[in-house]
Amino acid sequence: MHCTVLLVNSVVVCAAVFRVFGTEVTELPLVATIQNGRNQGYFKVLFAFLQSLLSFLEVEKIVLPATARAKGMWKTKFGFQEMNEEEVTLCLKQYPSIVPFEETVMLCKCLPKFARRKEAPNRKSG
């Protein structure tokens, strides 16, 4: 289990707990933003960093449990899709330690491939 935080003036304003299961999936079971830091884009910055890191590590997708209240935000602001029953069952079978909290739906987002820089060919002087 890993945690990443966003600091503003040495104060933690946002945090995310995540678990990486190889290159196939990362679980994001918990995120939090301080009350007076909400709607200021802090989590958007933190999520962009996390998404870039996971893409660099060649992780294919992120899954998370979402409450009915938060589901719309995850879908509209962050591009997640609701997993159907078959997808959830398969995911939980492959990764039994993923936590499906009560009264939540599982959401999923495929991560973009990380664009690696191509190195310039060596030029021999001579």
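What counts as what
Residues numbered from 1 in each chain as written. Predicted model: local features only at pLDDT ≥ 70, side-chain atom pairs only at ≥ 80, totals over all residues. Heavy atoms only, no water. Salt bridge = Lys/Arg side-chain N within 4 Å of Asp/Glu carboxyl O. Buried < 20%, exposed > 50% of the residue type's maximum accessible area, 1.4 Å probe, protein only. Helix = DSSP H or I, 4+ residues; strand = E, 2+ residues; numbered from the N terminus. Patch = residues over 30% accessible without salt bridge, like charges linked within 9 Å, V, L, I, M, F, W, Y side chains within 5 Å. Areas by Shrake-Rupley, 256 points an atom, 1.4 Å probe, with all protein chains shown as cover. Lys, Arg positive; Asp, Glu negative; His and termini not counted. Polar contact = N/O pair within 3.5 Å; in protein donor to acceptor, adjacent residues only side chain to side chain. Contact = heavy atoms within 4.5 Å.

Here the focus is the pattern of salt bridges. Within this structure, the stated rule accounts for two salt bridges. Two residues, E27 and R19, come together in a salt bridge whose shortest N-O distance is 2.6 Å. Each member of the pair E27 and R19 is classed as buried. Note that K71 is salt-bridged to E82, the shortest N-O span being 3.2 Å. Of the two residues, K71 sits in helix 2 (residues 68-78) while E82 sits in strand 5 (residues 81-82), which places them 11 residues apart along the sequence. The partly exposed category is assigned to K71, whose relative accessible area is 25%.

What follows covers a nonpolar patch on the surface. There is a patch of nonpolar side chains on the surface, built from F49, L53, F56, L57 and F114 and spanning about 450 Å² of accessible area. Relative to the helices and strands, F56 resides in helix 1 (residues 42-56).

Let's shift gears to the side chain of K109. For K109, the position within the fold is in strand 6 (residues 104-110). Although K109 is buried, it makes no salt bridge; E60 carries the closest opposite charge, 15 Å away. A polar atom in the side chain of K109 sits 2.8 Å from the backbone oxygen of F78. Not counting residues up to four positions away in its chain, the partners in contact with K109 are F47, Q51, E60, K61, I62, F78, G79 and F80.

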